[in-house]
Structure formats: C-alpha cells, structure tokens
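Listed below, chain by chain, are the residues.
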Amino acid sequence: MADVVTMDKIVALCKRRGFIFPTSEIYGGIGSTYDYGHYGVLLKNNVKGEWWRSMLFERDDVVALDSAIIQHPRTWEASGHLAGFTDPLVECRACGQRFRADHLGDLACGRKPSLHPGEGPDCDLTEVRQFNLMFETTMGPVKETGATVYLRPETAQGIFVNFKNVLQTSRKRPPFGIAQVGTSFRNEITPGNFVFRTREFEQMEMEFFVPPGEASKWFEYWTAARRDWYVELGLRADHLRLRAHDAEELSHYSSATSDIEYLFPIGWSELEGIANRGDFDLRQHAEFSGEKLEYFDQGTGERYVPHVIEPAAGANRTLLAFMVDAYDEDEIGGEKRTVLRLHPRLAPIKVAVLPLVRKDGQPELAREIHQTLRARMAAEYDEGGAIGRRYRRQDEIGTPFGVTVDHQSLEDGTVTVRERDSLVQERVAIDRLAEELSARLAAAWRSPKLG
Ligand code: ATP
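Bear in mind the structure is a predicted one, so any value in this text is a computation, not a measurement. (Residues numbered from 1 in each chain as written. Predicted model: local features only at pLDDT ≥ 70, side-chain atom pairs only at ≥ 80, totals over all residues.)

**Section: the overall build of the protein**
Across its full length, the protein carries 13 helices and 23 strands. Along the longest, intermediate and shortest principal axes, the C-alpha atoms of the protein span 75 × 70 × 50 Å. Restricting to contacts in the protein with at least 6 residues of sequence separation, those with at least 24 account for 65%. (Helix = DSSP H or I, 4+ residues; strand = E, 2+ residues; numbered from the N terminus. Contact = placed C-beta atoms within 7 Å.)

This is the structure we're talking about:
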C-alpha cells in the first residue's frame, strides 16, 4: 500500500482533531513549542503506559523513580553536562540567525534565494562555537543572591544520584534497573519538524545496572527488546532500523551505542538510543559527592561499581512515529476517509457509542451502553450530526470500534459493532458487548498498512 503520509498532514490532523496545538498561539506562538489537547494527552499517556507496562509490570527486575527536574547543580558538573553538553553553533552576521553548524545541509538560509546557510551571496557566517544546551535559572527569592540551577536536559542523572537510595530500599541486586518518565529541557539551536525536536519534551529512560562482565550481553538484550517493543505496538518493521554509532560519534563514556531509527517523512531519524555507559556515571557521582556508589555482594564478598545499559526514548517523538505510521487514507462509497490505524492499545478512545438517530429511545439506550462500557475501557458517546460524519471523526482519532444503536437494538437487544480497519459490521448482543470488545482489544493486532 502506498504511504500517503506527510508531516503537513499529521500537523493538520493534530490541529483539526485537537491532539496538538502550537503553544501560546493567540500570542503568535513561541517557536517549536506545543500543547497537547484531549486526544493528544490520551495518546501520550497510552505511549507512556505501554512503556511502563513493558518496563515494570511484565518483569520484576526494574523499579520506578520520579526525580526532580531541578537537581543540585553539582549533578551537572559530575555528569559532564556543564562542560560538555553542547552543540556547535554558527551565527550569520548578515541576517542575525543562528544555526547548528553540523546541520547546515538540512537548514534554510533566512534570505532569498532559498539556499543553505553560508551559500547565499550575502551570507557571512561566524566561526563555530560550542553552545551549552542547558536552560539556566535561579533558585531562591532574590535573583542576585540566588543559586544558579539548571532544568534537567535528561532524566538519567536523577536516577544515578538515587542509586544508593533505591539499592537500599528496593531489595534488588544487579542486574536490575531504575525507570523514569519525565520532562527534560534542551535549548536546541534549531528545533523543528513538529514535535520531533522541541526544547521541552518528555523522556522515557531506564538505567540497567549490571555486573561489569555482563554489560555487553545486556546491551544486546536491551537493543533487541526495545526494537521489539515498537514492532509489538504496530510500527512497521521495515520502517525501523538499528544504527550503531561509530567510534567518532560515541560519547567519551560509552563503549557502544545503537540508535533505533524510524523512517519519518523527514527521513531516517533517531527514535531511541541504547548506550553501554560503563561505570562512568556512578564513578563520577561518587567522586563529586563523596558517597560510595557501588554494590557489595554479601554472598561472595565481592564489591564492584555496576556498569550501566541505558535505553533512552522520547515520548513525544515516539507518539509522532506512531501517528505517522498509523496515518492512512482510503475511500468508502466514493468518499475519501482519513484514518489513524493505531494499535488498539494505543488508541486514545477504544469505542464510540453512537445512536443512529436522536429519537425513539435510541439516545437513552446508547447512553446506558456507554455507561457500562466506560467502566472497562476509554469510551465516548456521540449523538451529534450524520452517522457517517461521526464515524469519520472516530476514524481520524483512531477509535478501533464503533457501536451503533438503531431501531433493531430496541427490539432485539443487539447493536452493530463497526471495525475501524476492515469496516466489517456485525451485530452483537448488548449483554455480551463488554466481553466481546475487551477480547477484541486484547487480541493480537497487525497494521493493515502491511497489506
Ligand atoms: P538527537 O540526536 O536527536 O538530538 P540525542 O541523541 O541527543 O537526540 P538522547 O540524549 O539520546 O538524544 O535522548 C534520548 C531520546 O530523547 C531521543 O532518542 C529522543 O527520542 C528524545 N529527544 C532528545 N532530544 C529531543 C528533543 N529536543 N525533542 C524531542 N525529543 C528529544
């Protein structure tokens, strides 16, 4: 099936159906920053929920953490972010715009004719300088005397500084992991491509602490497990690939890093990074804090600093990938339809209950059914407008099932269940409906875009 998706169509759908809006729109927006509306919140929650499910509830060697956004500033000295969390920046003396020096080939010069920065007749780029991506603010009531602190650029460091707390209270021993989901901030020089790269975003990170000799094995394990997670949730496997960092690209502390990349409309781009971070982080924080951050095995008498495998994903970027992968257009009875073929577990709404007409007792029965279903799954009731328009609306937000109440429902206690992808309609008894839908939601699902 030809892929009809473009980034513009995703942006338009998000606005039209209330998934995502530009931030502060009535004031003209604030560059590449977005707010999530009703369905955007539900979808993002489902993405994060599925991540938690795979990290916590389907295994017993990972525990949860929720650390503060503002950590002690020494955290960022120890982690190396203060000195080295930088991107190369150039500025154009002619137009005053700033660009990421390593992305010039993907960027447009601010002036006509539209060329890459540095290629126009007037372009006058400065030398490259390193720009620190951390947002700085002041803690305390008086700016002059307050301490300079930073909004975290990743959630991972909050995990490392809590290593001892978690080790002492969780009754876990390596190999074990600490997982966290939360907002991170990066003063990106060139954000863009909708929610792909923004200055404020949510990360889903897990630090897996292992005996040093087992690091390579666990790196392979997590790389495969994380890729499988996307496929299980419906991303087409041929739109995913693994890319190992070469020696030049590797962070100084990492002995191996692989990116899971997705084929976005902007081309292959990183969805998630899996890194073998060695013992760098725990050693740095031990040195800067004076605390021992190690594991003592009482059985063997062995003492060691665990090595760390880190799968680090972005919730917003993942949401974008799921939307892009799910976006489809087809025709029903000569009429064009836009449909989000989301995995049912990710769909913001699982079932819409629709009376065919707004009379003859149909709304009352439909409301009753909605009331029963909403206790089991995210359900929506909609009685406004022609039935075709209501189906279309649900298709666009990715609702896998539509339940229609008609005159027959009042006679024989059955309703029509319409399936989003196949468009098959079946009559189901109202008293079996909740069971039936729950079973269908739990069943294996395969993207119809795979043909
Ligand atoms: P990139 O190369 O795209 O800048 P990165 O390698 O710096 O990303 P990591 O530090 O590995 O990213 O962060 C882990 C994940 O967090 C990324 O794979 C991505 O999904 C997400 N992420 C990072 N930066 C951003 C951003 N500015 N906006 C949205 N998501 C982001």
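Picking up where we left off.
**With respect to helix 9 (residues 315-326)**
Over its twelve residues, helix 9 extends 16 Å from the first C-alpha to the last, a length consistent with the 16 Å expected when each residue adds 1.5 Å. With twelve of twelve residues buried, helix 9 is to be regarded as a mostly interior element. What helix 9 keeps buried is the set A315, N316, R317, T318, L319, L320, A321, F322, M323, V324, D325 and A326. (Expected span 1.5 Å × (residues − 1). Buried ≥ 20, exposed ≤ 12 C-beta atoms within 10 Å, placed from the backbone.)

**A few points about the environment of P311**
Tracing the sequence through the fold places P311 in strand 16 (residues 307-314). Owing to 26 C-beta atoms within 10 Å, P311 belongs among the buried residues under this scheme. For the pair P311 and F219, spaced 92 residues apart in sequence, the C-alpha separation works out to 9.0 Å. With sequence-adjacent residues up to four places away left out, P311 is seen in contact with M206, W222, R226, E272 and I274.

**Details of the sheet that holds strand 19 (residues 351-355)**
Taken in spatial order, the five strands line up as 20-19-21-22-23 in an open sheet, and their pairing is mixed. Each edge of the open sheet is held by one strand with a lone partner, namely strand 20 (379-381) and strand 23 (425-429). On average, adjacent strands in this sheet sit at an angle of 25 degrees to one another, irrespective of strand direction. The pairing of strand 19 with strand 21 (residues 401-405) spans five bridges and is classified as parallel. When the sheet's bridge partners are listed, L354 is paired in strand 21 with T404. (Pairing = 2+ DSSP bridges. Axes fitted to C-alpha atoms, helices over the stretch in contact; angles between N-to-C directions.)

**Details of the domain arrangement of the protein**
With domains assigned, the protein is organised as domain 1 (7-79 + 134-322), domain 2 (86-132) and domain 3 (349-450). The gap between the C-alpha centroids of domain 1 and domain 2 is 29 Å. (Domains from an automatic or database assignment.)

**Brief notes about the sheet that holds strand 9 (residues 176-185)**
Paired through backbone hydrogen bonds, the strands of a sheet run either parallel or antiparallel to each other. Spatial strand order, 3-9-10-16-13-12-11: seven strands in an open sheet with mixed pairing. Unpaired on one side and paired on the other, strand 3 (62-64) and strand 11 (240-244) mark the two borders of the sheet. Direction aside, neighbouring strands of the sheet carry axes that sit 25 degrees apart on average.

**Here's the deal with the packing of helix 2 (residues 38-57) against helix 9**
Here helix 2 crosses helix 9 at 105 degrees, and the two axes come no closer than 10 Å. For the element pair helix 2 / helix 9, the angle class is roughly perpendicular. Between helix 2, through L43, K44, V47 and K48, and helix 9, the contact on the second element is made entirely by A315, T318, L319 and F322. (Parallel < 35°, antiparallel > 145°, perpendicular 65-115°, else oblique.)

**Overview of the environment of G398**
Looking at the element boundaries, G398 is found in the loop between helix 11 (387-397) and strand 21. Distance in space between the C-alpha atoms of G398 and Q180 is 28 Å, their sequence separation being 218 residues. Apart from residues lying up to four places away in sequence, G398 is in contact with A326, L340, L342, A347 and P348.

**Here we look at the pairing of strand 4 (residues 86-91)**
Pairing geometry for strand 4 and strand 6 (residues 129-132), over four bridges, is antiparallel. Residue pairing for strand 6: P88 is matched across the bridge by Q130. Here three bridges tie strand 4 to strand 5 (residues 98-100), and the two strands are oriented antiparallel to one another. Among the inter-strand pairings, L89 is bridged to a residue of strand 5, identified as R100. A loop of six residues connects strand 4 with strand 5, the two strands running antiparallel in sequence, and G96 in this loop sits at a positive phi of about 80 degrees.

**Thoughts on the nonpolar core**
Membership of the largest hydrophobic core comes to 79 residues, with the highest contact counts inside it found for F322, M323, V351 and V353. Formed jointly, this core draws a minimum of three residues from each of two domains, domain 1 (7-79 + 134-322) and domain 3 (349-450). (Core = buried A, V, L, I, M, F, W, Y, C linked by C-beta atoms within 7 Å.)

**What to know about the pairing of strand 9**
By the criterion of burial, strand 9 is predominantly enclosed, with seven of the ten residues buried. Here strand 9 pairs with strand 10 (residues 200-210) via ten bridges, running antiparallel. When the bridges of strand 10 are listed, G177 appears paired with F208.

**Some thoughts on the environment of D3**
Among the secondary structure elements, D3 is positioned in the segment before helix 1 (7-16). Classification of D3 as partly exposed rests on a count of 14 C-beta atoms within 10 Å. Separated by 321 residues in sequence, D3 and V324 place their C-alpha atoms 9.7 Å apart.

**Examining unusual backbone geometry**
The residue after P174, namely P175, is reached through a cis peptide bond having omega 0 degrees. Topologically, P175 is positioned in the loop between helix 6 (163-170) and strand 9. For S32, which is not a glycine, the phi torsion comes out positive at approximately 55 degrees. On the secondary structure map, S32 appears in the loop between strand 1 (20-22) and strand 2 (34-36).

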